[in-house]
Amino acid sequence: MMKQFVLLVMLLGTGLFAAPTLAQDKPSYAYIGIEPEIVTNYLGANAVKLGYVRVMIEVMVGDVDQLELVEHHMPLLRSTAIEIFGRQPEEKVKSLTGREDIRRAILAAFQDSMSKETGAPVIKEIIFTKYLHQS
């Protein structure tokens, strides 16, 4: 009876210690912010008037080990985001659906840039954590 109890405790203990190992097999997502926040102009309602947008972007990578790689290419990513915002019309910047279109365009451009520079898209997702606009 005592041997069965010891065996049961050992099996339960092994199961408890195995659970964290399984969790480590999952991707370890990580985030890095584009610092400082992006402040740039966009086209206003007419070509004479400009508006500005102030955005904080968080970049998600699939593995913590890729953070250094993204940080190394941060000037390229920042420049890409500024360029995309600068081409946007006022109605797109101000609408929720337009904001989502811009987010997807920036994500695709980031992934394309990282693929060209590193051979892999690296970036899984981006999030706007601050989004202010004024015309």
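Going by the structure above, here's the rest.
Residues numbered from 1 in each chain as written. Predicted model: local features only at pLDDT ≥ 70, side-chain atom pairs only at ≥ 80, totals over all residues. Heavy atoms only, no water.

Focus: unusual backbone geometry
For the record, the criterion: Only runs of H or I of at least four residues qualify as helices and only runs of E of at least two qualify as strands under DSSP, and these elements are numbered from the N terminus.
Omega for the peptide link from Glu-35 to Pro-36 comes to -10°, which places this bond in the cis form. Looking at where Pro-36 falls in the secondary structure, it is placed in the loop between β1 (30-33) and β2 (38-43).

Quick look at the packing of aromatic side chains
Test applied: Side-chain rings of Phe, Tyr and Trp (the six-membered ring for Trp) are treated as a pair once their centres are within 6.5 Å; stacked means planes under 30 degrees apart, edge-to-face means over 60, and tilted covers the remaining angles. Burial classes: relative accessible area under 20% of the type maximum marks a residue as buried, over 50% as exposed, and values in between as partly exposed (1.4 Å probe, protein chains only).
All chains considered together, the criterion is met by three aromatic pairs. Considering the side-chain rings of Phe-85 and Tyr-131, the 6.3 Å spacing of their centres and the 50° angle between planes classify their relative orientation as tilted. Taken together, the residues Phe-85 in helix α3 (residues 74-86) and Tyr-131 in strand β4 (residues 123-134) connect sequence positions 46 residues apart. Judged on exposure class, the residue Phe-85 and its partner Tyr-131 are both buried. Following the ring pairs from residue to residue traces out a cluster consisting of Phe-85, Phe-128 and Tyr-131.

Description of helix α5 (residues 96-118)
In plain terms, the rule: Expected helix span is computed as 1.5 Å times (number of residues minus one). Whether two residues are in contact is decided by their heavy atoms: any pair within 4.5 Å suffices. Between N or O atoms, a polar contact is any pair within 3.5 Å; within protein, one atom must be a potential hydrogen donor and the other a potential acceptor, and residues adjacent in sequence are included only when both atoms are from side chains.
In this model, α5 (23 residues) spans 32 Å end to end at C-alpha, consistent with the 33 Å of a helix rising 1.5 Å per residue. Inspection of α5 places Gly-98, Ile-102, Arg-103, Ile-106, Leu-107, Ala-109, Phe-110, Ser-113 and Met-114 among the buried residues, and these make up the whole buried set. In this structure, the buried residues of α5 make contact with β3 (50-61), α2 (67-72), α3, α4 (90-94) and β4. Here α5 starts with a cap whose side-chain oxygen sits 2.9 Å from the backbone nitrogen of Gly-98, and that cap is Ser-95. Downstream of α5 by one or two residues, Gly-119 has phi in the positive range, about 90°.

Notes on the pattern of salt bridges
Under the convention used in this document: Definition used for salt bridges: Asp or Glu carboxyl oxygen within 4 Å of a side-chain nitrogen of Lys or Arg.
This structure, assessed with the given rule, holds nine salt bridges. For the salt bridge of Glu-37 with Lys-130, the shortest nitrogen-to-oxygen distance reads 2.9 Å. Of the two residues, Glu-37 sits in the loop between β1 and β2 while Lys-130 sits in strand β4, which places them 93 residues apart along the sequence. Glu-37 gets classed as buried once you look at its relative accessible area, which sits at 18%. Among the ionic pairs, Glu-100 bridges to Arg-104, the shortest N-O distance being 3.3 Å. Taken together, the residues span about one helical turn, with Glu-100 and Arg-104 both in helix α5 at a distance of four residues. By relative accessible area, Glu-100 is classed as partly exposed at 29%. Residue classification places Arg-104 among the partly exposed residues on the basis of a relative accessible area of 45%. One connected set of salt bridges, linked through shared partners, spans Glu-100, Asp-101, Arg-103, Arg-104 and Glu-125.

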